[in-house]
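One-letter residues, chain by chain:
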Amino acid sequence: MICGAEYGLDETMYVCPRHGAAGILDVVYDYDLIRARLNRASLAKNRDYSLWRYLPVLPIAEPHLVPPLHIGWTPLYHAHRLGARLGLPHLYIKDDGRNPTASLKDRASAIAITRAREMGWQVITAASTGNAASSLAGLAASVGLTTYIFVPETAPQAKVAQLLIFGANVIMVRGTYDQAYDLCLLASDEYGWYSRNTAYNPYLSEGKKTAALEICEQLQWQPPDKLFVAVGDGCIIGGLWKGLRDAYALGLIERMPQLIGVQAEGSSVLARAWVAGGETVEPHPATTLADSIAVGMPRDAIKALRAVRQTGGEYITVSDDEILEAMRVLAREEGVFGEPAGVAGLAGLLKMRQQGRLDPAERVVVLVTGNGLKDVQSAMRATRKPHIVEPTAEDLRRLLQKLTTATGA
Ligand SMILES: *Cc1c(COP(=O)(O)O)cnc(C)c1O
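Residues numbered from 1 in each chain as written. Predicted model: local features only at pLDDT ≥ 70, side-chain atom pairs only at ≥ 80, totals over all residues. Heavy atoms only, no water.

Peer 1: Talk me through the overall build of the protein; I want residue IDs and the actual numbers.
Peer 2: In terms of helices and strands, the protein carries 16 helices and ten strands. Rg of the C-alpha trace for the protein: 21 Å, near the compact-globule value of 22 Å for 409 residues, within the 12% margin. Judged by the C-alpha coordinates and their principal axes, the protein covers about 75 × 45 × 45 Å. Residue pairs in contact within the protein that sit at least 24 positions apart in sequence constitute 71% of those at least 6 positions apart. In the form shown here, the protein has an accessible surface area of approximately 17,200 Å², with 53% of it arising from carbon and sulfur atoms. Within the protein, one finds 42 positive and 43 negative side-chain charges whose respective centroids are separated by 5 Å. (Helix = DSSP H or I, 4+ residues; strand = E, 2+ residues; numbered from the N terminus. Rg over C-alpha atoms; globule rule 2.2 N^0.38 Å. Contact = heavy atoms within 4.5 Å. Areas by Shrake-Rupley, 256 points an atom, 1.4 Å probe, with all protein chains shown as cover. Lys, Arg positive; Asp, Glu negative; His and termini not counted. Charge placed at Lys NZ, Arg CZ, Asp CG, Glu CD.)

Peer 1: Which residues make up the site of the ligand, and what values go with them?
Peer 2: Around the ligand sit 15 residues in total, of which Lys-105, Gly-232, Asp-233, Gly-234 and Thr-369 are the nearest. Side-chain polar atom of Lys-105 to an oxygen atom of the ligand: 2.8 Å apart, as the coordinates give it. Split by residue class, the shell around the ligand holds five nonpolar, six polar and four charged. (Near = heavy atom within 4 Å. Polar contact = N/O pair within 3.5 Å; in protein donor to acceptor, adjacent residues only side chain to side chain. Nonpolar A, V, L, I, M, F, W, Y, C, P; charged D, E, K, R; others polar.)

Peer 1: So what's going on with the sheet that holds strand β4 (residues 146-152)? Residues and values would help.
Peer 2: If you walk across this open sheet you meet the four strands as β5-β4-β3-β6, and the pairing is parallel. The open sheet terminates on both sides in strands that have one partner only, identified here as β5 (169-173) and β6 (194-195). Of the pairings in the sheet, the one linking strand β3 (residues 123-127) to β4 comprises five bridges and is parallel in character. Looking at β4, one finds that Thr-125 is bridged to Tyr-148. (Pairing = 2+ DSSP bridges.)

Peer 1: Please give an account of unusual backbone geometry that cites residues and values.
Peer 2: Positive phi values are uncommon outside glycine, yet Trp-73 reaches one of about 45°. Within the secondary structure layout, Trp-73 lies in the loop between α2 (40-45) and β1 (76-78). Trp-73 sits in the partly exposed class, given a relative accessible area of 23%. Of note in this structure, Gln-220 is not a glycine but carries a positive phi near 50°. Within the secondary structure, Gln-220 sits in the loop between α9 (210-218) and β7 (226-230). (Buried < 20%, exposed > 50% of the residue type's maximum accessible area, 1.4 Å probe, protein only.)

Peer 1: Before we move on, could you go through a nonpolar patch on the surface and cite the residues and values that matter?
Peer 2: A grouping of Phe-337, Leu-373, Val-376 and Met-380 is seen on the molecular surface, where their side chains present a nonpolar patch of about 360 Å² in accessible area. You can see Leu-373 is positioned in the loop between β10 (364-368) and α15 (376-382). (Patch = residues over 30% accessible without salt bridge, like charges linked within 9 Å, V, L, I, M, F, W, Y side chains within 5 Å. Salt bridge = Lys/Arg side-chain N within 4 Å of Asp/Glu carboxyl O.)

Peer 1: Can you lay out helix α7 (residues 177-191) for me, pointing to particular residues and giving the numbers?
Peer 2: Along its 15 residues, α7 runs 21 Å from first to last C-alpha, staying within 8% of the 21 Å computed at 1.5 Å per residue. Along α7, the residues that are buried comprise Tyr-177, Asp-178, Ala-180, Tyr-181, Cys-184, Leu-185, Ala-187 and Ser-188. (Expected span 1.5 Å × (residues − 1).)

Peer 1: How would you sum up the packing of helix α4 (residues 105-119) against helix α5 (residues 131-143)? Please name residues and give values.
Peer 2: Two elements in contact, α4 and α5, have axes whose closest approach is 9 Å; the angle formed by their N-to-C orientations is 45°. Of the possible angle classes, the one that applies to α4 and α5 is oblique. Judged by the sense of rotation from one axis to the other, the crossing of α4 with α5 is right-handed. Between α4 and α5, the contacting residues are Lys-105, Asp-106, Ser-109, Ala-110, Ile-113 and Arg-117 on the first element and Asn-131, Ala-132, Ser-135, Leu-136, Leu-139, Ala-140 and Val-143 on the second. A breakdown of the residues in the contact of α4 with α5 according to their chemical character gives seven nonpolar, three polar and three charged. (Axes fitted to C-alpha atoms, helices over the stretch in contact; angles between N-to-C directions. Parallel < 35°, antiparallel > 145°, perpendicular 65-115°, else oblique. Left-handed = near helix turned anticlockwise from the far one by under 90°.)

Peer 1: Describe in detail the nonpolar core, supporting the description with residues and values.
Peer 2: In this structure, Ile-237, Leu-240 and Tyr-315 are the most contacted members of the largest nonpolar core, which totals 85 residues. Ala-79, Ile-93, Val-262 and Leu-349 belong to the second largest nonpolar core, which has 37 residues in total. (Core = buried A, V, L, I, M, F, W, Y, C linked by side-chain atoms within 4.5 Å.)

Peer 1: Help me get a handle on the side chain of Ser-135, residues and values and all.
Peer 2: Checked against the element boundaries, Ser-135 lands in helix α5. With residues near it in sequence (within four places) discarded, Ser-135 still touches Thr-101, Lys-105, Asp-106 and Ser-109.

Peer 1: I'd like to hear about the packing of aromatic side chains, residue by residue, with values.
Peer 2: This model, assessed by the stated rule, comprises six aromatic pairs. A centroid spacing of 4.1 Å and a plane angle of 5° characterise the contact between Tyr-148 and Trp-193, whose relative ring orientation is stacked. In this pair, Tyr-148 sits in strand β4 while Trp-193 sits in the loop between α7 and β6, placing the two residues 45 residues apart along the sequence. According to the relative accessible area criterion, Tyr-148 is partly exposed, its value standing at 26%. (Phe/Tyr/Trp six-rings, centres within 6.5 Å; stacked < 30°, edge-to-face > 60°.)

Peer 1: Give a detailed account of the pairing of β3, specifying residues and quantitative values.
Peer 2: On a regular strand, one side chain projects to one face of the sheet and the next to the other, so that they alternate. With five of five residues buried, β3 lies mostly within the body of the structure. With burial as the criterion, each face of β3 is covered, one bearing Val-123, Thr-125 and Ala-127 and the other bearing Ile-124 and Ala-126. In this fold, the crossover linking β3 to β4 by way of α5 has right-handed handedness. For β3 and β6, the ladder comprises two bridges, and the chain directions are parallel. Bridge pairing in β6 places Ile-124 opposite Tyr-194. (Right-handed = clockwise from strand over helix to strand, strands pointing away.)

Peer 1: Tell me about the environment of Val-336, and please be specific about residues and values.
Peer 2: Inspection of the secondary structure assignment puts Val-336 in the loop between α13 (320-334) and α14 (340-354). Sequence separation between Val-336 and Gly-175 is 161 residues; the distance between their C-alpha atoms is 32 Å. If sequence neighbours within four positions are ignored, Val-336 has contacts with Tyr-77, Asp-95, Leu-330 and Ala-331.

Peer 1: Could you give an account of the sheet that holds strand β9 (residues 314-318), with specific residues and numbers?
Peer 2: As summarised here, the arrangement of the six strands in space is β1-β2-β10-β7-β8-β9, forming an open sheet in which the pairing is mixed. With partners counted over all chains shown, the strands left at the sheet margins are β1 and β9, one partner each. Across the sheet, the axes of successive neighbouring strands diverge by a mean angle of 25°, strand direction being ignored. Contacts between α14 and the sheet are confined to β2 (91-95), β7, β8 (258-264), β9 and β10, with β7 contributing the most and set at about 135° to the helix.

Encoded structure:
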């Protein structure tokens, strides 16, 4: 993405040899060739309702090696209740918490696992705030690969539980995600493990882009005006942009939605770089309860900033309280339970709406990136306490009396 040099699949494994770890690659396709195999008509007939329906634009040579778990084609809900309250009748929620390990990261791990198997790797490693790790561990388990996973000590318990139950070798780092990431790159070099590290392995965005392709297809190829998504390292938003570029190049869509990147106030390196107007980022220690986007040194900055600039979108930031509010709103008004980072995109939409910057005529999609059960502690912070009764009829009646008079129900 820096110098524009092109390499064949067997010429480099991860990054541009000229630019080292900063030289993020972008997979290039021959769209003229692919158009004959991937078009509106072929997709309308395709009964594979998973991310593999977009196989012609995925970097996979041996489809029989894809993991067996069901990944992608997650539901896109027309958010009637929330949309009505907000005065946004064309609001949609895509729930990517509905993937096998409960986050969008499964889309990326699916490609990494398949690439690893194609190349004959037995051991895969990744550093992660939690979801990339649990996703890699789960998908690796489904095909019998060994994983070494680096997570910060602060990773939510449910995500660590996923790692352990899937049989990963879990290395918990007394430090930040950024430090875990550096250790993992070192280990991958030293021990010869295949690396599924964000913005290092170029195939991850190729998996993540399928969420954008699905959104366009689920909206009958009428893309939304705006697409809101949480941003940490920037790989998801860069991937969505790639999916949209693919769809455009293949003639599946006729215009590009604006990508709106939403960061937590305490982890807003990309939002700041965007305001400053450049492509250089200033690392800054991250503090937010939304652990999946707590990133002090965004690894996919170039793609993430270009995604927003070239689609005419923007970056906005939201506070942790606004994220907790979005968790409540999404759960109570749409029945979708997202983890804090999972709903940060919605928090951004709520904020923009409040600022009067969204037009009721606009068609808007919010991508929910992870399920709320991954971080129950934050959910408990977002909500009220349960009512407690003695196991007696009198006590129950006393409570219900109080509740029904309080709500006037
Ligand atoms: C990883 C993740 C993000 C952020 O994705 P980036 O590619 O790091 O920007 C957002 N939400 C959830 C739930 C995630 O797991």
